[in-house]
Amino acid sequence: MEKYFDINYLWTALPQLVPFLWITLFVAALSVIFGTLLGLIIAVFKLSKNRFLQLLANSYITIMRCTPSIVLLFLVYYGIPAFADSFFGIYLQDVHTGVFVVITFSLQFAAMMAEVIRSAYLAIDKGQYEAAVSVGLTPFQAYRRIIFPQAVVVALPNFGNGLISVLQEGALAYTIGFIDIVGKANLIIANNYNTHALEIYIALAVFYWVLSVVIAKIFELLEKAFSKGQRSLKTS
């Protein structure tokens, strides 16, 4: 009779999953980079005095917030090729699934980052900008030397949480056939005729636990380092 749980199988599963870990991290990194750039643009729109730009930013953020990750993934995966083929005659069915995964989570991360950037910017006393300009700094120098460093400290905790969220939400990518660490785990289970599934998922969970803790610790250290640097500047 087969064992319900075999701890030895868990240890054999870990080396099989490790080679696919970099794919998960690479997709998350691309999503964060593109999402941050798009989020910056949306934040600028939301902070703008132009009501149309504000409407665009608010509508985008609301739509992203109200759309479940897996639904957005399917909309991007099936919608973009269909739209490109119908309106432009461009065939995208052979595009790698990883591209659609990155697009999906970049769009989602952008909505979150827009709010993070906006709130971080508003948290800084505007009197500091006016004082910097009054002593001869250009607006760009004032933002780069005064506003931006302080805004980074304010935004870091939420940015770290967003990165962890993207990493975890990326686990849904296997539903469209993308083979990352989760996709590989499901392939192993399928090849074993659904036996030892518990051991595989525990091994998978260990990776996500370790990654989440490491990322949280890194951002905690970064926040302390930036805060310490700001305190030393204020006292000097």
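All values reported here derive from a predicted model rather than from experimental measurement.

1. Considerations on the UniProt feature "transmembrane region" (unreviewed entry) in the protein
In step 1: The UniProt entry lists residues 20-45, 98-117, 171-189 and 201-222 under the feature "transmembrane region" (unreviewed entry), expressed in the numbering used here.
In step 2: In residues 201-222, the share of helix is 100% and the share of strand is 0%. The end C-alpha atoms are 32 Å apart.

2. Points about the nonpolar core
In step 1: In this structure, Leu 17, Val 101, Ile 181, Ile 200 and Tyr 208 are the most contacted members of the largest nonpolar core, which totals 45 residues.
In step 2: Put simply, the parts of the chain that give this core at least two residues each are helix 1 (7-17), helix 2 (21-47), helix 5 (97-122), helix 7 (139-169), helix 8 (181-191) and helix 9 (197-235).
In step 3: Of the residues forming this core, the biggest block, nine residues, is contributed by helix 7.
In step 4: Not counting the four nearest positions on each side in its chain, Leu 17 is found in contact with Ile 181, Lys 184, Ala 185, Ile 188, Ile 200, Ala 203, Leu 204 and Phe 207.
In step 5: Counting residues in hydrophobic clusters, the runner-up holds twelve residues, among them Ala 43, Tyr 60, Val 76 and Ala 114.

3. Observations concerning the packing of helix 6 (residues 126-134) against helix 7
In step 1: With their axes 9 Å apart at the nearest point, helix 6 and helix 7 run at an angle of 145° to one another. The handedness of the crossing between helix 6 and helix 7 comes out as right-handed. On helix 7, the residues touching Gln 128, Tyr 129, Ala 132 and Val 133 of helix 6 are Pro 139, Ala 142, Tyr 143, Ile 146, Ile 147 and Gln 150.
In step 2: Partitioned by chemical class, the residues of the contact of helix 6 with helix 7 number eight nonpolar, two polar and no charged.

4. A closer look at the environment of Arg 65
In step 1: Here Arg 65 shows up in helix 3 (residues 51-66).
In step 2: Sequence spacing of Arg 65 and Leu 17 is 48 residues, and the spatial spacing of their C-alpha atoms is 32 Å.

5. Observations concerning the environment of Val 133
In step 1: Relative to the assigned elements, Val 133 resides in helix 6.
In step 2: With ten residues separating them along the chain, Val 133 and Tyr 143 place their C-alpha atoms 9.7 Å apart.

6. Some points on empty space enclosed by the protein
In step 1: On inspection of all chains with the given rule, the structure shows one cavity of 30 Å³ or more.
In step 2: One number sums up the size of the largest cavity: a volume of about 70 Å³.
In step 3: In terms of lining residues, the largest cavity is bounded by 13 residues, among which Thr 24, Val 27, Ala 28, Val 166 and Gly 170 are the most central.
In step 4: Of all the elements in the fold, those that place two or more residues in the lining of the largest cavity are helix 2, helix 5 and helix 7.
In step 5: Counting residues per element, the lining of the largest cavity draws most heavily on helix 2, at five residues.
In step 6: Taken together, the residues that form the lining of the largest cavity break down as nine nonpolar, three polar and one charged.

Definitions and cut-offs
- Residues numbered from 1 in each chain as written.
- Predicted model: local features only at pLDDT ≥ 70, side-chain atom pairs only at ≥ 80, totals over all residues.
- Heavy atoms only, no water.
- UniProt positions renumbered as here; feature names shortened; annotations may be inferred.
- Helix = DSSP H or I, 4+ residues; strand = E, 2+ residues; numbered from the N terminus.
- Core = buried A, V, L, I, M, F, W, Y, C linked by side-chain atoms within 4.5 Å.
- Buried < 20%, exposed > 50% of the residue type's maximum accessible area, 1.4 Å probe, protein only.
- Contact = heavy atoms within 4.5 Å.
- Axes fitted to C-alpha atoms, helices over the stretch in contact; angles between N-to-C directions.
- Left-handed = near helix turned anticlockwise from the far one by under 90°.
- Nonpolar A, V, L, I, M, F, W, Y, C, P; charged D, E, K, R; others polar.
- 1 Å grid on protein atoms, 1.4 Å probe; cavity = no way out; pocket = protein on both sides within 12 Å on 5 of 7 lines; lining within 4 Å.
- Points joined across faces, edges and corners; volume = space filled by probe spheres on them.

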